[in-house]
Amino acid sequence: MEPLEYETLRRQEESFWWYRGLHRLIGDRVDASLNSIPPSPRGVQLLDAGCGSGGMLAHLATRFGDRLDLTGIDVSPLALRPAAERGVARLARALVDRLPFADASFELILSLDVLYHRAVSDDLAAVRELRRCLRPGGRLLLHLPAFESLRSAHDEAIHTARRYRRRPLRALLVRAGLTPHRVTYRNSVLFPALATVRAWRRRETGGSAPPPSDVRPLPPLVDGLLGSVLEVERRWLRWADLPWGLSLLAEASRPADS
């Protein structure tokens, strides 16, 4: 990301509607995954591979307490500094495709809006590295931007190299040696409106300064309304998938006999 975006992320991650919805959704999926993992006195080992400023780790620490033993990595010191200030996890500076951990170190791995980044030169190699660090039977949760047609100035600000679709993402997981359990779109209700906004914002590219991302403070009423839409979708996703959306959520596991 552009350096300014790390500061924006730090300031907005706990209050901005998009992040509030993502934190709650991933919390639900972690909770569901814990039902299939035997309890441990040390807590289930969880890695956030690309933890940013640590907002997701802080949310999980609050929601699950000592049920989880949390670790985070990020490539940028601009992200790790605010993450360290939260004090909720062990942290390391590392690339997602070169993780500094032994094989089979974690029962749960999250990688949220990371594989799309231009710093990840080979997303298949990165997923294989995540698989390597998963214990047999362990779970991987991915969140990624969807549909190349949605590319806009926002993608330039956050250094997007690629956007995904459901079937190719499922195939990527299989090629990496994982068993996909679910690949679904999310943020579907707002898809038409936000797709229109993204198309309009393409006009912002080409200036001398890097364009800003879509993460900007909104009037409380608007932010609350958008958050309410994601809350309805979060409850829906407990039971069924969504056919389109701005993002993709994928859940996969490392085969127990691998």
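Note: the structure precedes this text.
Residues numbered from 1 in each chain as written. Predicted model: local features only at pLDDT ≥ 70, side-chain atom pairs only at ≥ 80, totals over all residues. Heavy atoms only, no water.

Concerning the environment of Trp18
Counted only if it meets this: Put simply, DSSP H or I for four residues or longer makes a helix, DSSP E for two residues or longer makes a strand, and each gets a number counted from the N terminus. We call two residues contacting when some pair of their heavy atoms lies within 4.5 Å.
Mapped onto the elements of the fold, Trp18 is located in helix α2 (residues 17-34). Between the C-alpha atoms of Trp18 and Gly227, which are 209 residues apart in sequence, the distance is 7.0 Å. Residue contacts for Trp18: discarding those within four places in its chain leaves His143, Arg186, Asn187, Leu230, Leu246 and Ser247.

Here's the deal with the pattern of salt bridges
Formally: Whenever Lys or Arg places a side-chain nitrogen within 4 Å of a carboxyl oxygen from Asp or Glu, that contact is recorded as a salt bridge. A 1.4 Å probe rolled over the protein chains alone gives each residue an accessible area, and that area as a share of the maximum for its type sets the label: buried under 20%, exposed over 50%, partly exposed in between.
Under the definition given, this model contains 16 salt bridges. Close ionic contact of Glu231 with Arg24 constitutes a salt bridge, the shortest N to O distance being 3.8 Å. Placement of Glu231 in helix α9 (residues 220-237) and of Arg24 in helix α2 is noted, with a sequence separation of 207 residues between them. Glu231 gets classed as buried once you look at its relative accessible area, which sits at 17%. Residue Arg24 is classed as partly exposed on the basis of its relative accessible area, which comes to 36%. Between Arg234 and Asp28 there is a salt bridge whose closest N-O contact spans 2.7 Å. Of this pair, Arg234 sits in helix α9 while Asp28 sits in helix α2, placing them 206 residues apart in sequence. The same class applies to Arg234 and to Asp28, which are both buried. Each member of the salt-bridge network shares a partner with another, and the members are Arg24, Asp28, Arg63, Glu231, Arg234, Arg235 and Arg238.

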